[in-house]
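Descriptive structure summary
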Amino acid sequence: EVQLVESGGGLVQPGGSLRLSCAASGFTFSSYFMGWFRQAPGKEREGVAAIYTVGGYITYADYVKGRFTISQDNAKNTMYLQMNSLKPEDTAMYYCAARRSFTGWWRNPSEYNYWGQGTQVTVSS
């Protein structure tokens with residue numbers, strides 16, 4: 001059974017940091033294209049960052065570039081999202097997702113095969 005389990009969310013003040021984790025099981029984690037998405041209330045799910053270790057590929061959405069860092073530990077079957085300099089507009093439910101194919105548009109949620117249940121990030125003073 002495929003499972004993606006996010007953790008690490010919480011309440012943080014503006015300018016603070018959080019590290020999200022996504023623990024994967026039930027599939028060949030190292031060969032999948034992995035992504036982080038977020039969804040705020042009333043808004044569409046949007047891509048945050050993606051990683052494909054086989055091809056040495058990493059990408060970020062402009063609104064997190066320079067503040068967030070995506071990484072992956074294949075020995076631990078875990079993906080991470082280090083989030084620094086957090087802003088109130090980063091408040092959302094954060095999801096990790098896995099996709100079999102490397103091709104396609106990384107920011108399109110419909111192209112991903114598996115999803116986690118999400119972890120809430122709230123940035124507020």
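Residues numbered from 1 in each chain as written. Predicted model: local features only at pLDDT ≥ 70, side-chain atom pairs only at ≥ 80, totals over all residues. Heavy atoms only, no water.

Before going further, it helps to examine the overall build of the protein chain. Helix and strand counts for the protein chain stand at zero helices and 11 strands. What you see for the protein chain is a C-alpha radius of gyration of 13 Å, in line with the 14 Å of a compact globule of 125 residues. Principal-axis analysis of the C-alpha atoms gives the protein chain an extent of 40 × 25 × 25 Å. In the form shown here, the protein chain has an accessible surface area of approximately 6,100 Å², with 47% of it arising from carbon and sulfur atoms. In the protein chain, 11 side chains carry a positive charge and 9 a negative one; their mean positions are 3 Å apart. (Helix = DSSP H or I, 4+ residues; strand = E, 2+ residues; numbered from the N terminus. Rg over C-alpha atoms; globule rule 2.2 N^0.38 Å. Areas by Shrake-Rupley, 256 points an atom, 1.4 Å probe, with all protein chains shown as cover. Lys, Arg positive; Asp, Glu negative; His and termini not counted. Charge placed at Lys NZ, Arg CZ, Asp CG, Glu CD.)

What follows covers the nonpolar core. In terms of nonpolar packing, the biggest core is built from 37 residues, with M34, W36, M79, L81, M83 and Y94 touching the most fellow members. Secondary structure elements with two or more residues in this core: strand 3 (18-25), strand 4 (33-39), strand 5 (46-52), strand 7 (68-73), strand 8 (78-83), strand 9 (92-99) and strand 11 (119-123). Ignoring any residue separated from it by four or fewer positions in sequence, one finds L81 in contact with L18, R19, L20, W36, V48, A49, F68, T69, I70 and Y94. (Core = buried A, V, L, I, M, F, W, Y, C linked by side-chain atoms within 4.5 Å. Buried < 20%, exposed > 50% of the residue type's maximum accessible area, 1.4 Å probe, protein only. Contact = heavy atoms within 4.5 Å.)

Here we take up the sheet that holds strand 8. With antiparallel pairing, the four strands of this open sheet are ordered in space as 1-3-8-7. Sheet topology places strand 1 (3-7) and strand 7 at the edges, where each strand pairs with a single neighbour. The sheet shows a mean angle of 15 degrees between the axes of neighbouring strands, taken without regard to direction. Across six bridges, strand 7 lies against strand 8 in antiparallel orientation. From the neighbouring strand, Q72 faces strand 8, where its bridge partner is M79. (Pairing = 2+ DSSP bridges. Axes fitted to C-alpha atoms, helices over the stretch in contact; angles between N-to-C directions.)

This part is about the pattern of salt bridges. Applying the stated criterion across every chain yields a total of five salt bridges. With its nearest N and O atoms 2.6 Å apart, the salt bridge here joins R38 to E46. Exposure remark for E46: the relative accessible area of 28% places this residue in the partly exposed category. The partner of D62 in a salt bridge is K65, and the shortest N-O contact between them spans 3.2 Å. K65 gets classed as partly exposed once you look at its relative accessible area, which sits at 49%. Connected via shared salt-bridge partners are R38, E46, R67 and D90. (Salt bridge = Lys/Arg side-chain N within 4 Å of Asp/Glu carboxyl O.)

In this section: the pairing of strand 1. In strand 1, alternate side chains face the same way, and those of L4 and E6 are buried while those of Q3, V5 and S7 on the opposite face are not. Pairing of strand 1 with strand 3 involves five bridges; the strand directions are antiparallel. By the bridge assignment, Q3 is partnered in strand 3 with S25.

We now examine the packing of aromatic side chains. Across all of its chains, the model carries 14 aromatic pairs by this definition. Geometrically, the ring pair formed by Y52 and F102 is stacked, given 4.8 Å between the ring centres and 25 degrees between the ring planes. Placement of the pair is Y52 in strand 5 and F102 in the loop between strand 9 and strand 10 (114-115), with a sequence separation of 50 residues. Across from the ring centre of W115, 4.7 Å away, lies the NZ or CZ of R45, which sits over that ring. The ring of Y112 has R99 lying over it, and the distance from NZ or CZ to the ring centre is 5.3 Å. (Phe/Tyr/Trp six-rings, centres within 6.5 Å; stacked < 30°, edge-to-face > 60°. Lys NZ or Arg CZ within 6 Å of the ring centre and 35° of its normal.)

None of the figures reported here should be taken as evidence of function without further support.
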